[in-house]
Amino acid sequence: MALARVVTFEGVSKDRMEEMDREMSEGQPPEGFPSAELVALHDPEAEESLVVIIFETDEDYKRGDARLGRAPAGDTPGRRTSLRKYSVATRMES
């Protein structure tokens, strides 16, 4: 079963989100980071962001969570306000 790492941030400016988008589209995932799907949502007026990373296995989740937990604060969109682990109940693309 797929697992999602869901993180909320505050103090996230539009410029910071644009910078992170450029960095992610131009770069490679961190070394040792498992295959995952990332979705970042942003409310520019409230300067808040919600980031969902979906891992296909529990082992991938553990590896990704450990790697992200060691990331410097400057590598995040803003100040982290919550971190939760969810089971992915349903996924659909159209």
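Residues numbered from 1 in each chain as written. Predicted model: local features only at pLDDT ≥ 70, side-chain atom pairs only at ≥ 80, totals over all residues. Heavy atoms only, no water.

Draft legend 1. Molecular detail of the overall build of the protein. In terms of helices and strands, the protein carries two helices and four strands. Counted from the first residue to the last, the protein has its helices and strands arranged as β-α-β-β-α-β. Its C-alpha radius of gyration of 13 Å places the protein within 12% of the 12 Å reference for a compact globule of 94 residues. With the C-alpha coordinates aligned to their principal axes, the bounding extent of the protein is approximately 35 × 30 × 25 Å. Going through the 94 residues of the protein one by one, you find that 26% of them count as buried. Pairs at least 24 apart in sequence give 79% of the contacts found in the protein among residues at least 6 apart. Carbon and sulfur atoms make up 49% of the accessible area of the protein, which totals about 6,600 Å². Considering the protein, the positive charge centre built from 13 side chains and the negative charge centre built from 20 side chains are found 7 Å apart. (Helix = DSSP H or I, 4+ residues; strand = E, 2+ residues; numbered from the N terminus. Rg over C-alpha atoms; globule rule 2.2 N^0.38 Å. Buried < 20%, exposed > 50% of the residue type's maximum accessible area, 1.4 Å probe, protein only. Contact = heavy atoms within 4.5 Å. Areas by Shrake-Rupley, 256 points an atom, 1.4 Å probe, with all protein chains shown as cover. Lys, Arg positive; Asp, Glu negative; His and termini not counted. Charge placed at Lys NZ, Arg CZ, Asp CG, Glu CD.)

Draft legend 2. Focus on helix 2 (residues 58-69). Along its twelve residues, helix 2 runs 16 Å from first to last C-alpha, staying within 8% of the 16 Å computed at 1.5 Å per residue. Among the residues making up helix 2, those that are buried are Asp-60, Tyr-61 and Gly-64. Buried positions in helix 2, seen along its axis, are confined to an arc of 100° and lie on one side of it. Here the buried face of helix 2 lies against strand 1 (3-10), strand 3 (48-55) and strand 4 (79-87). (Expected span 1.5 Å × (residues − 1). Arc of directions from axis to C-beta.)

Draft legend 3. The arrangement of the pairing of strand 3 in detail. Buried residues dominate strand 3, accounting for six of its eight residues. Taken together, the eight bridges between strand 1 and strand 3 define a ladder with antiparallel strand orientation. Its bridge partner being in strand 3, Arg-5 is matched across the sheet by Ile-53. With eight bridges joining them, strand 2 (residues 36-43) and strand 3 adopt antiparallel strand pairing. Paired with Asp-43 across the bridge in strand 3 is Glu-48. In this structure, the hairpin formed by strand 2 and strand 3 is closed by a connection of four residues, where Glu-47 is found at a positive phi of approximately 55°. (Pairing = 2+ DSSP bridges.)

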